[in-house]
Every structure is written in structure tokens, then in C-alpha cells.
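# Notes for the structure review
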Amino acid sequence: MHIVELDRRVSRASMNGRGVDLTATDLDLLVSLGLIAMLHTAKTEYLGEQARCRHARAHSIAEANTGSTSSAGKTDRSVRAAGTSSGTIPTRDAKQARQRVQRKTKLQSAR
């Protein structure tokens, strides 16, 4: 009957996204069912896949670093955008904004 109770607890915890506390008896049951051996097998497969991915990535990076394929000619100078979209306020607009603030400040202090 213990296996039915353990299954109920684990299933409920899984559905609710919660953890479950395992007793020594619970662990003995999991071992006898072969679940611990399955866990070790899954871990071994996972670690092997990680090693294969690292090897493939390192091999791919090493192959990619074979030198530049670009031409040796000079490149054109980049053209910088000149306008309000370049992130600055034109001097004329900045001056006008400063004057508006100064006028408002003088009006408020005069009250």
C-alpha cells in the first residue's frame, strides 16, 4: 500500500508545482523499483550529450578562426547622421528652450 501513497503524494506535488519530502522508506521503495538506476542512466546520457556539444562547439569555433576573407582595400568613411535623430538638440532649439524656462522662472518668482 505504501507505493500507492507515494504515487499519490508525488503526483499531487507535481501537479501543484511543489516539492515532496521523501522518507527513508520512500527512498528504499524507489531503489527497489529501479528508479534510482534510471536516474543514473539518464544522468550519464545527459553528461555525454553535454560533452559532445562542447566538443562540437570547440571544433566549430576552431574551424571558423581561419583568418579574414575580406579584401585588403580601404573602406569608405562612415557618414554620421546630422539631425535631431542623432540624439542631440540643435543649438538653436536648445537656446530657445532655455529662454522659455528662464521666462517662466521670472514670471513665477514675480508672483
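Because the structure is predicted, anything quoted here is derived from the model rather than measured. (Residues numbered from 1 in each chain as written. Predicted model: local features only at pLDDT ≥ 70, side-chain atom pairs only at ≥ 80, totals over all residues. Heavy atoms only, no water.)

## So, the overall build of the chain
- What the chain contains, in helices and strands, is 4 helices and 0 strands.
- Here the chain holds 111 residues, and 5% of them are scored as buried.
- As displayed, the chain has an accessible area near 10,400 Å², and 56% of this comes from carbon and sulfur atoms. (Helix = DSSP H or I, 4+ residues; strand = E, 2+ residues; numbered from the N terminus. Buried < 20%, exposed > 50% of the residue type's maximum accessible area, 1.4 Å probe, protein only. Areas by Shrake-Rupley, 256 points an atom, 1.4 Å probe, with all protein chains shown as cover.)

## Observations regarding a nonpolar patch on the surface
- There is a patch of nonpolar side chains on the surface, built from Met-1, Ile-3, Val-4, Leu-33, Leu-35 and Met-38 and spanning about 640 Å² of accessible area.
- Relative to the helices and strands, Leu-35 is located in helix 3 (residues 35-64).
- Overall, Leu-35 belongs to the partly exposed group, its relative accessible area being 38%. (Patch = residues over 30% accessible without salt bridge, like charges linked within 9 Å, V, L, I, M, F, W, Y side chains within 5 Å. Salt bridge = Lys/Arg side-chain N within 4 Å of Asp/Glu carboxyl O.)

## Topic: helix 1 (residues 2-16)
- The terminal C-alpha atoms of helix 1 lie 21 Å apart, and with 15 residues this matches the ideal 21 Å at 1.5 Å per residue to within 8%.
- Gly-17 sits one or two positions beyond helix 1 and adopts a positive phi of about 65°. (Expected span 1.5 Å × (residues − 1).)

## Considering the pattern of salt bridges
- Under the criterion given, the structure shown has 3 salt bridges.
- Salt-bridge contacts for Asp-26 lead to Arg-9; the nearest nitrogen and oxygen are separated by 3.0 Å. Here Arg-9 lies in helix 1 and Asp-26 lies in helix 2 (residues 24-33), a separation of 17 residues in the sequence.
- With a relative accessible area of 21%, Arg-9 lands in the partly exposed category.

## Thoughts on the environment of Val-20
- Within the secondary structure, Val-20 is located in the loop between helix 1 and helix 2.
- Relative accessible area serves as the criterion here: at 33%, Val-20 is assigned to the partly exposed category.
- If near-sequence neighbours (up to four positions away) are discounted, Val-20 is found in contact with Arg-9, Val-10 and Ala-13. (Contact = heavy atoms within 4.5 Å.)

## Observations concerning helix 2
- Listed in full, the buried residues belonging to helix 2 are Asp-26, Leu-29 and Leu-30. The buried residues of helix 2 occupy an angular sector of 100° when the element is viewed end-on, so they sit on one face. Opposite the buried face of helix 2, at more than 90 degrees from it, the exposed residues are Ala-24, Asp-28, Val-31 and Ser-32.
- One or two steps after helix 2, the chain reaches Gly-34, where phi turns positive at roughly 90°. (Arc of directions from axis to C-beta.)

## Comments concerning the side chain of Asp-26
- The class of Asp-26 is buried, set by a relative accessible area of 0%.
- Separated by 3.0 Å, the side chains of Asp-26 and Arg-9 make a polar contact.
- The residues touching Asp-26, leaving out its near neighbours within four places in the chain, are His-2, Leu-6, Arg-9 and Asp-21. (Polar contact = N/O pair within 3.5 Å; in protein donor to acceptor, adjacent residues only side chain to side chain.)

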